[in-house]
Amino acid sequence: MSSNSEDSVSAAKKTKFTVLDVDEWQKRWTVKQIGFHQDTVHPLLEKHVDKLLNKCENIDIFMPLCGKSLDIKWLSDKGHTVVGVECASLALEEFFEEQNVEYTKEPVEQVKGSLYKSKDGKINLYCCDIYEFNKDVAGQFDAIWDRASMVAINRDDREK
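Source: prediction; values computed, not measured.

With 24 residues, the main nonpolar core has Leu45, Ile61, Ile72, Leu75 and Leu125 as its most contacted residues. When residues of this core are traced back to their parent elements, those giving at least two are α3 (43–53), β1 (60–64), α4 (70–77), α5 (89–98) and β5 (123–127). Ignoring anything within four residues of it in the chain, the contact list for isoleucine 72 reads Met63, Cys66, Gly67, Val82, Phe95, Ile123 and Leu125. If you look at the next biggest cluster of nonpolar residues, it comprises 11 residues, including Val85, Val108, Val111 and Cys128.

Moving on, we get to α3. Along α3, the positions that sit buried rather than exposed are Leu45, Val49, Leu52 and Leu53. Buried positions in α3, seen along its axis, are confined to an arc of 85 degrees and lie on one side of it. Turned more than 90 degrees away from the buried face of α3 sit Pro43, Lys47, Asp50 and Lys51, all of them exposed. For α3, the secondary structure elements touched by its buried residues are β1, α4 and β6 (143–144). With its phi angle positive at about 50 degrees, asparagine 54 sits one or two positions after the end of α3.

By the definition in use, this model includes 4 salt bridges. The shortest N-O distance in the salt bridge between glutamate 94 and lysine 68 comes to 3.0 Å. Within this pair, whereas glutamate 94 is found in helix α5, its partner lysine 68 is found in the loop between β1 and α4, the two being separated by 26 residues in sequence. You can call lysine 68 buried: its relative accessible area is 9%. Among the salt bridges present, the one from lysine 112 reaches glutamate 132, with a minimum N-O distance of 3.4 Å. With lysine 112 in the loop between β3 (103–108) and β4 (113–118) and glutamate 132 in the loop between β5 and α6 (135–138), this pair connects stretches of sequence that are 20 residues apart. Overall, lysine 112 belongs to the exposed group, its relative accessible area being 68%. Owing to a relative accessible area of 29%, glutamate 132 belongs among the partly exposed residues under this scheme. Taken together, the salt bridges that share partners define one network made up of Lys68, Glu94 and Glu98.

This brings us to unusual backbone geometry. We note that asparagine 100 has phi near 55 degrees; this positive angle belongs to a residue other than glycine. With relative accessibility at 71%, the residue asparagine 100 sits in the exposed group. Even without a glycine there, the phi angle at lysine 112 is positive, about 50 degrees.

Scanning the model with the defined rule gives 0 disulfides in all. No disulfide involves cysteine 127; its sulfur sits 7.0 Å from that of cysteine 87, the nearest cysteine. A relative accessible area of 12% means that cysteine 127 is categorised as buried.

The next point concerns the side chain of threonine 81. Residue position: threonine 81 is located in strand β2 (residues 81–86). Judged by its relative accessible area of 15%, threonine 81 is buried.

Before going further, it helps to spend a moment on the confidence of the model for the chain. For the chain, per-residue confidence averages 81 on the pLDDT scale, and residues scoring 70 or more make up 70% of the total. With pLDDT under 50 throughout, residues 1–14 is counted as low confidence; its partners more than four residues away or in other chains account for 2 contacts.

The next subject is the packing of α3 against α4. Two elements in contact, α3 and α4, have axes whose closest approach is 13 Å; the angle formed by their N-to-C orientations is 50 degrees. Between α3 and α4, the crossing angle belongs to the class labelled oblique. Judged by the twist between their axes, the crossing of α3 over α4 is right-handed. In this structure, α3 contributes Leu45, Glu46, Val49 and Leu52 to the contact, and α4 contributes Asp71, Trp74 and Leu75. Tallied by class, residues from the contact of α3 with α4 come to 5 nonpolar, no polar and 2 charged.

Definitions and cut-offs
- Residues numbered from 1 in each chain as written.
- Predicted model: local features only at pLDDT ≥ 70, side-chain atom pairs only at ≥ 80, totals over all residues.
- Heavy atoms only, no water.
- Core = buried A, V, L, I, M, F, W, Y, C linked by side-chain atoms within 4.5 Å.
- Buried < 20%, exposed > 50% of the residue type's maximum accessible area, 1.4 Å probe, protein only.
- Helix = DSSP H or I, 4+ residues; strand = E, 2+ residues; numbered from the N terminus.
- Contact = heavy atoms within 4.5 Å.
- Arc of directions from axis to C-beta.
- Salt bridge = Lys/Arg side-chain N within 4 Å of Asp/Glu carboxyl O.
- Disulfide = S-S within 2.5 Å.
- pLDDT = per-residue confidence, 0-100.
- Axes fitted to C-alpha atoms, helices over the stretch in contact; angles between N-to-C directions.
- Parallel < 35°, antiparallel > 145°, perpendicular 65-115°, else oblique.
- Left-handed = near helix turned anticlockwise from the far one by under 90°.
- Nonpolar A, V, L, I, M, F, W, Y, C, P; charged D, E, K, R; others polar.

Right, dumping it as structure tokens:
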């Protein structure tokens with residue numbers, strides 16, 4: 001018969017994954033615990049952008065859990081409209097400030113969050129819970145660029 005402590009150790013060995021909620025992600029941005037952020041455009045995006053775009057120009061690209069990724073501006077500078085979702089407002093504010101992109105911010109009741117929108121309308125970043133976001137909020141997309149959102153989503157939540 002196993003004791004409770006043995007059961008806990010066994011459960012911990014099975015999980016081995018950090019589980020974070022929206023508040024914890026926001027805290028990571030506040031304390032700059034963002035080792036996942038890259039200071040360059042993702043090399044795989046640069047290498048495979050033709051596959052992503054499928055010979056199309058000026059398409060709508062969705063970026064889940066976008067943070068302040070440089071990929072956003074890089075794609076926008078190529079003429080595409082980028083729609084991102086991020087739960088940490090600080091990430092979005094830092095993106096616009098660091099990239100010197102003028103923006104507006106407006107509430108979006110559908111997602112209980114906000115829309116940060118570039119003046120030219122090519123960058124639309126929603127600050128909300130990813131599970132509140134759907135096609136009724138921003139329509140459909142021609143492509144999705146996802147650098148690492150699946151690993152950031154709690155394993156038990158991935159089926160949502």
